[in-house]
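Residue-level listing of the chains:
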Amino acid sequence: QVRLAESGGGWVQAGGSLRLSCAFSGRTFSSYGMGWFRQAPGKEREFVTCINWSGSRTYYADSVKGRLTISRDNARNTVTLQMNSLKPEDTAVYYCAARLHSVLGYKETEYDYWGQGTQVTVSS
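In this report, we go over the structure that sits alongside the text. All values reported here derive from a predicted model rather than from experimental measurement.

**What to know about the packing of aromatic side chains**
Okay, so step 1: On inspection of all chains with the given rule, the structure shows ten aromatic pairs.
Okay, so step 2: The interplanar angle of 50° and the centroid separation of 4.9 Å between the aromatic rings of Phe-24 and Phe-29 together place this pair among those described as tilted. Phe-29 matches Phe-24 in its accessibility class, with the two residues each being buried.
Okay, so step 3: Looking at Arg-45, its charged tip hangs above the ring of Trp-114, at a distance of 3.9 Å from the centre.
Okay, so step 4: Above the ring of Tyr-111, the side-chain terminus of Arg-99 is found at 5.8 Å from the ring centroid.

Next up, the structure:
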């Protein structure tokens, strides 16, 4: 059974940075494509970014392009989301997700496993 555990959330002022990490366990990490989603208060969960099995391909939502960077370390079974130039509208619970396909996935329904989420709050 795959388990995902996010960490690194917190509070930051607008323009600041945070680094989220997701620890993967239970299966062979390099067999899984990974993604980050977020859910703001009163809104549906939305796609943020994803990465393929090797880290050679990534994709970002337009709202975060140029500010957030996803990466993975297959030796350490972790995926990281570096968040720079944060805005109040980035405030949300951020979820790490895994899918048993090595290629990119953009939709919630394409993911098989989810973490519990970590809160990110950006104040203006």
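**Some words on the state of the cysteines**
Okay, so step 1: By the definition in use, this model includes one disulfide.
Okay, so step 2: One disulfide in the model links Cys-22 with Cys-96; its S-S distance is 2.1 Å. For the disulfide bridge between Cys-22 and Cys-96, the dihedral angle about the S-S bond is near -80°, and by the sign convention the bridge is left-handed. Here Cys-22, found in strand 3 (residues 18-25), pairs with Cys-96, found in strand 9 (residues 92-99); they are 74 residues apart in sequence, far enough to count as distant. For the pair formed by Cys-22 and Cys-96, the shared burial category is buried.

Calculation rules
Residues numbered from 1 in each chain as written. Predicted model: local features only at pLDDT ≥ 70, side-chain atom pairs only at ≥ 80, totals over all residues. Heavy atoms only, no water. Phe/Tyr/Trp six-rings, centres within 6.5 Å; stacked < 30°, edge-to-face > 60°. Buried < 20%, exposed > 50% of the residue type's maximum accessible area, 1.4 Å probe, protein only. Lys NZ or Arg CZ within 6 Å of the ring centre and 35° of its normal. Disulfide = S-S within 2.5 Å. Helix = DSSP H or I, 4+ residues; strand = E, 2+ residues; numbered from the N terminus.

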